[in-house]
Amino acid sequence: METYWHSVTLERDLCKGCTNCLKHCPTQAIRVQQGKAKILKERCIDCGECIRVCPYHAKKAVTDSFDMVKNYKHSVALVAPAFYGQFSKTEDIDTILSALMDMGFDDVFEVARGAQVVTRKTNELLESGELLKPSISSACPAVLRLIAIKFPNLISNIVPLKSPMEISAMQARNEAVKKTGLSPEDIGIFFISPCAAKATFIKGGYTVNKSNVDGVISIKDVCIKMSRLFQKIESVRELRSAGSSGVMWAASGGEAEATNAAKFIAVDGIHNVIDVLEAIEDGKLSDIEYLEALACPGGCVGGPLTAENSFAARAKIQRICKSIDDGETPFDDGLNMFWDQAMVYRPIMNLDSDINEAMRKMNRIEELYEQFPKLDCGSCGSPSCRALAEDIVRGYAKETDCIFKLREMASDMLEKTVDDKNESEGNL
């Protein structure tokens, strides 16, 4: 079984074993054992759903410290479009970018520029007829990972383009080299991220050989540092260069609307994404040309690492887009926009390397499942009765973890005890 680095982690001391995360995890990646949650890394897609629903804040996303910026001679803040919707004091992009530079970055680069470049290339591919329909956006790394483990038949439907984050990182480094004369290794590119999945991707992106991003800092952490800077900005510099069609990627529907697809679907929220992908697998959406699928509710503005209410942030993004023009779409500067390597199926149900033993275990899972009540209550510490059956076969759990099975066995033992007692008394 392959191992992965994950941004989403568990603080065991804070966990109360409430099963809230277990019930909401879209890939059944969480178990509760001995009163504590446990994340199964091969199943986790770093969507951050457990971070949202944990009442004890026991789940968190590991991102980089701002101090990492000091390790480079020249640092560039790679700014996600969702960042613009995070502030109550201003919605002016130039003011926000100026504050970032005052905070300690040497330069800024808008990911919205990369989004515009990706949109242009996507439209070219859609018009060429090369893509399978519906073509699925490759922008959300949590959705990519979801497809890789749960919907392998749809891998070929994904548009094989690098994300706006990666494209922007390449462009930002090239521009910084030209500006400073420094070597590429002396330049640090830091993504200001709304989500945990981006942090996971740069540590081991499954479609790129090595990410061009050097570090990921959460939007929430940056907002805390920036909150006091707006009143101290000496001069607002003209730093914005991206147009509205790139900024609108921050919210659900923005990416899809920027394409030339006549029929598209924009879906947000990981559970809704799963429903739509299942419908595509069943052949129910064959007339759709393009699917924008984002794991976070409302799109990137609803990411678990954001600071502002997602509805308020989305409204701000919409106002910002109305206040700026679209301008000319930036060029890709000859960059390789396609994946470095193809996505592959990453099975999470590999029971055994020996096919005969794997089949035996599969049959045992079915036998156990038929004995369970099929209520999927989660009281056993597994997210469903079928998951419990699998956990038992894998050696992670036992039949008596099911409270219904335990009660049944206790009842049988009591009945046998009574029968034995009656039989003993009858023989006297």
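Overview of the structure. (Residues numbered from 1 in each chain as written. Predicted model: local features only at pLDDT ≥ 70, side-chain atom pairs only at ≥ 80, totals over all residues. Heavy atoms only, no water.)

Details of the sheet that holds strand β5 (residues 74–79)
Here is step 1: Strands sit in the order β6-β5-β8-β9 across an open sheet of four strands; the sheet is parallel. Strands with a single pairing partner mark the edges of an open sheet, and in this sheet they are β6 (107–110) and β9 (215–218). Put simply, the sheet's adjacent strands are angled 30 degrees from each other on average, direction ignored.
Here is step 2: Inspection of the sheet shows β5 paired to strand β8 (residues 187–193) by six bridges, in the parallel sense. Looking at β8, one finds that H74 is bridged to I187.
Here is step 3: Packing against the sheet, helix α7 (residues 196–204) makes contact with β8 and β9, and its axis sits at approximately 170 degrees to β9.
Here is step 4: The strands touched by helix α8 (residues 219–226) within the sheet are β8 and β9, with β9 carrying the most contacts at an inclination of about 65 degrees. (Pairing = 2+ DSSP bridges. Helix = DSSP H or I, 4+ residues; strand = E, 2+ residues; numbered from the N terminus. Axes fitted to C-alpha atoms, helices over the stretch in contact; angles between N-to-C directions. Contact = heavy atoms within 4.5 Å.)

Observations concerning the sheet that holds strand β11 (residues 290–294)
Here is step 1: Spatial ordering of the open sheet is given by β7-β11-β10, a layout of three strands whose pairing is parallel. Lying at the two open borders of the sheet, with one neighbouring strand each, are β7 (135–136) and β10 (264–268).
Here is step 2: Summarising the sheet, β10 and β11 pair through five bridges and their orientation is parallel. Each residue of the ladder has a partner; that of D268, found in β11, is L294.

Considerations on unusual backbone geometry
Here is step 1: That bond from K133 to P134 is cis: its omega, -10 degrees, falls within 30 degrees of zero.
Here is step 2: Following the sequence through the fold, P134 ends up in the loop between α4 (111–128) and β7.
Here is step 3: Residues other than glycine seldom take positive phi values, yet T19 does so here, at roughly 70 degrees.
Here is step 4: Its place among the elements puts T19 in the loop between β1 (8–10) and α1 (20–24).
Here is step 5: Given a relative accessible area of 14%, T19 falls into the buried group. (Buried < 20%, exposed > 50% of the residue type's maximum accessible area, 1.4 Å probe, protein only.)

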